[in-house]
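Each chain, written out:
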Amino acid sequence: MPVAADLLTLTPAGLYCPRGGFHIDPVRPVDRALITHGHSDHARSGHGAVLATPETLAIMAVRYGEAFAGTTEAAGLGRPIRIGDIRVTFHPAGHVLGSAQIALEAGGCRIVVSGDYKRQLDPTCSPFETVACDVFVTEATFGLPVFRHPDARGEAEKLIGSLAVFPDRPHLVGAYALGKAQRMIALLREAGYDDTIFLHGALERLCQFYESRGIELGPLDPVRGLKPKDLAGRIVLCPPGSMADLWSRRLGDPVTAFASGWMRVRARARQRGVELPLIVSDHADWDDLTATIEETGAGEVWVTHGAEEALVHWCRLRGLDARPLNLLGYGDEGEAEPESSPAAADSPDAEAGPTGDTGSADDTGAAA
């Protein structure tokens, strides 16, 4: 039976399978890349060949243009693909539409690379699937015991309740363009909110993409051209990076909200000037991280991009062979640190880039 290092190792570009000749979510262009999901810190353009789920390939095309890679191949969930002597299978990760864990198998050893994942139900993507394995490579974005996410449905109801309390003020909600914005809309619809939701231009293209995949989001309109009085008591979604810039001033005196797992930390909310913190995360919290590790049955755990040391310590206390990977280049989009905010999203005249998307600006900070 091969040891894990025979199947997966670290290179400057990221995780690499030498027996298959491919990287997983590489941080720089490589000859062959397997991509877990469409957030820009995992899915970059310029690779020679890309293997990903059909939805992730389509998302990459929306964001980077049709020529984002030399060649592409779609991987169906649960359908093994042979690459050299490696058996590769994509499994649902529950993070965003098209997100997947990637399982590698050879010689009786199975490694599962989680990518980003969550265990909470999400009407906009396939639910997470636990995959038994020998080695589990897990993210740890919220890998500290303080992070225990509430039911996201309650957070959506909190937002609707605030509309009743402040009927004369728009409610400006910071939400990452890929995954979080669509999930927030779906949660609001499930909670009975049927009114039109207004969108910053950077969110329009991906919302249209979700709807093209059969995910109903209800009535949506662009916010451009509207005045504060037109938006009183209405919900406006925008990239987090646009909440405090010149663009947001056109809304008058909005109630500011931010949908992120980082809103669990009150100091983060205060630093961003958030009036209404919404703890809605697209990543697993501490309880789900630890439960998932146990459910996989893995005897070896590699921990990456997040609070690595705490989760490594938890694993070792339980007799598991665990180590941090200290990978760089992740967490720039989605729910990484919410403080980082690309300038592209801060221009009031740059609601959408050449492809109708602002690149990483839509998920600025951390895809939490």
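Think of each chain on its own: its residues are numbered from 1, step by step along the sequence as written. Since the coordinates come from a predicted model, pLDDT governs what is reported: local features require at least 70, and pairs of side-chain atoms require 80 or more to be given and counted, while whole-chain, interface and lining totals use all residues. As a rule here, side-chain values come from all non-hydrogen atoms in the structure, and water together with hydrogens is ignored.

Quick look at the pairing of strand S19 (residues 321-324)
Note on classification: 1.4 Å probe, protein chains only; a residue is buried when its accessible area is under 20% of the maximum for its type, exposed when over 50%, partly exposed between these limits. Secondary structure elements follow DSSP: runs of H or I of four or more residues count as helices, runs of E of two or more count as strands, with numbering from the N terminus. Burial along S19 is one-sided: Ala-322 and Pro-324 are buried, and none of Asp-321 and Arg-323, which face the opposite way, are. For two strands to count as paired, DSSP must find a minimum of two bridges between them. Bridge count for strand S18 (residues 300-306) against S19 is 4 bridges, and the pairing is parallel. Each residue of the ladder has a partner; that of Val-303, found in S19, is Pro-324. With helix H8 (residues 308-317) bridging S18 and the parallel S19, this β-α-β connection has right-handed handedness. Here a crossover is taken to be right-handed if, once the strands point away from the viewer, the path from the first strand over the helix to the second is traced clockwise.

A short note on unusual backbone geometry
Of note in this structure, Asp-25 is not a glycine but carries a positive phi near 50°. With respect to the secondary-structure elements, Asp-25 resides in the loop between strand S3 (22-24) and strand S4 (32-34). When its relative accessible area of 4% is taken as the criterion, Asp-25 is described as buried.

Considerations on the side chain of Asp-282
In this fold, Asp-282 is placed in the loop between strand S17 (276-278) and helix H7 (286-296). N or O atoms within 3.5 Å of each other form a polar contact, as long as, within protein, one can give a hydrogen and the other can take it, and as long as residues adjacent in sequence are counted only when both atoms are side-chain atoms. A distance of 2.9 Å separates polar atoms of two side chains, one belonging to Asp-282 and the other to Arg-183.

A few points about the confidence of the model for the protein
Of all residues in the protein, 88% have pLDDT values of 70 or greater, and the mean over the chain is 89. pLDDT runs from 0 to 100 and stands for how confident the predictor is about each residue. Note on definitions: a residue-residue contact is assigned when non-hydrogen atoms from the two residues lie within 4.5 Å. A low-confidence stretch, residues 336-366 (pLDDT under 50), is modelled with 100 contacts involving residues beyond four sequence positions or located in other chains.

Details of helix H2 (residues 54-64)
With respect to burial, H2 is a largely interior element, 8 of its 11 residues being buried. Of the residues making up H2, those classed as buried are Thr-56, Leu-57, Ala-58, Ile-59, Met-60, Ala-61, Val-62 and Arg-63. Contacts made by the buried residues of H2 are with strand S5 (47-52), strand S6 (69-74) and helix H5 (201-212). One or two residues past the end of H2 sits Gly-65, with phi positive at roughly 95°.

Quick look at the nonpolar core
Ranked by size, the top nonpolar core spans 37 residues in total, and within it Ile-197, Ile-235, Leu-237 and Leu-278 carry the most contacts. Excluding its chain neighbours within four sequence positions, the residues that come into contact with Leu-278 are Glu-155, Lys-158, Leu-159, Val-173, Met-184, Ala-257, Phe-258, Ala-259, Ser-260 and Met-263. Definition used in this section: a nonpolar core is a set of buried Ala, Val, Leu, Ile, Met, Phe, Trp, Tyr and Cys residues joined via side-chain atoms within 4.5 Å. Membership of the second largest hydrophobic core comes to 27 residues, among which are Ala-4, Cys-17, Phe-90 and Ala-106.

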